[in-house]
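# Structural characterization, general
Residues per chain, in single letters:
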Amino acid sequence: MKKLKIGDNVKVILGKDKGKIGTIKTIYHKKNTLIIEGINTKIKHVKPSRKEEAGKIITFDAPINCSNVMICDEAGETTRVGFTMQENK
């Protein structure tokens, strides 16, 4: 069972974006990373593919490790998620 899902609001607890809140866009389960909207933004310089074109500067959100975030409730408070297995009655 995974605790984080696409669309959840999370707060970054480690790294350069510590304290920021964002929404999960993509989850990579095998790498244990996720992409959060507006968090861990990187800049990439792209060379022109043809002579007539100009080069570009692209900004994109890079993946961040799942252990560096905590899920938030509606009020913006960080919470822990737990599961309990109960017998069927």
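In what follows, the structure referred to is the one given above.
What you are looking at is a predicted structure, and each value in this text was computed from that prediction instead of being measured.

## Looking at the pattern of salt bridges
- The final tally for this structure, using the stated rule, is three salt bridges.
- The shortest N-O distance in the salt bridge between Lys20 and Asp17 comes to 3.3 Å.
- Since its relative accessible area comes to 42%, Lys20 is described here as partly exposed.
- Of the residues examined, Asp17 reaches a relative accessible area of 10% and is grouped as buried.

## A word on the nonpolar core
- By size, the foremost hydrophobic cluster in this structure holds 12 residues: Leu4, Val10, Val12, Ile24, Ile27, Leu34, Ile36, Ile39, Ile64, Cys66, Val69 and Ile71.
- Listing elements by their share of this core, those giving two or more residues are β1 (9–12), β2 (21–28), β3 (33–36) and β7 (69–71).
- Among all residues touching Leu34, those that are not within four sequence positions of it are Leu4, Ile24, Thr26, Ile27, Ala62, Pro63, Ile64, Cys66 and Val69.

## Quick word on the pairing of β2
- By the bridge criterion, three bridges tie β1 to β2 in an arrangement that is antiparallel. Within the sheet, the bridge partner assigned to Val10 lies in β2 and is Gly22.
- Pairing analysis gives four bridges linking β2 to β3, with the strands arranged antiparallel. When the bridges of β3 are listed, Thr26 appears paired with Ile35.
- Connecting β2 to the next strand, β3, in antiparallel fashion are four residues, including Asn32 with a positive phi near 60 degrees.

## Let's talk about unusual backbone geometry
- Its identity is not glycine, yet Asn32 carries a phi of approximately 60 degrees, on the positive side.
- Relative to the helices and strands, Asn32 is located in the loop between β2 and β3.
- Judged by relative accessible area, Asn32 falls into the partly exposed class, the value being 40%.
- One non-glycine residue with positive phi stands out, namely Asn40, at about 60 degrees.
- The residue Asn40 is located in the loop between β3 and β4 (41–46) in this model.

What counts, and where the lines are drawn
- The numbering scheme is per chain: residues are counted from 1 as the chain's sequence reads.
- For this predicted model, a pLDDT threshold of at least 70 governs which residues receive local features, and a threshold of 80 or more governs which side-chain atom pairs are given and counted, while totals over whole chains, interfaces and linings are taken from all residues.
- The basis for every side-chain value is the complete set of non-hydrogen atoms in the structure, without hydrogens or water.
- Each reported salt bridge corresponds to a side-chain nitrogen of Lys or Arg within 4 Å of a carboxyl oxygen of Asp or Glu.
- Each residue is placed in one exposure class: buried if its accessible area under a 1.4 Å probe, protein chains only, is under 20% of its type's maximum, exposed if it is over 50%, and partly exposed if it falls in between.
- To qualify as a nonpolar core, a set must consist of buried Ala, Val, Leu, Ile, Met, Phe, Trp, Tyr and Cys residues joined through side-chain atoms within 4.5 Å.
- Numbering of helices and strands runs from the N terminus, with a helix taken as a DSSP run of H or I at least four residues long and a strand as a DSSP run of E at least two residues long.
- Two residues qualify as a contact provided that any one of their heavy atoms is within 4.5 Å of a heavy atom in the partner residue.
- Paired strands are those between which DSSP finds at least two bridges.

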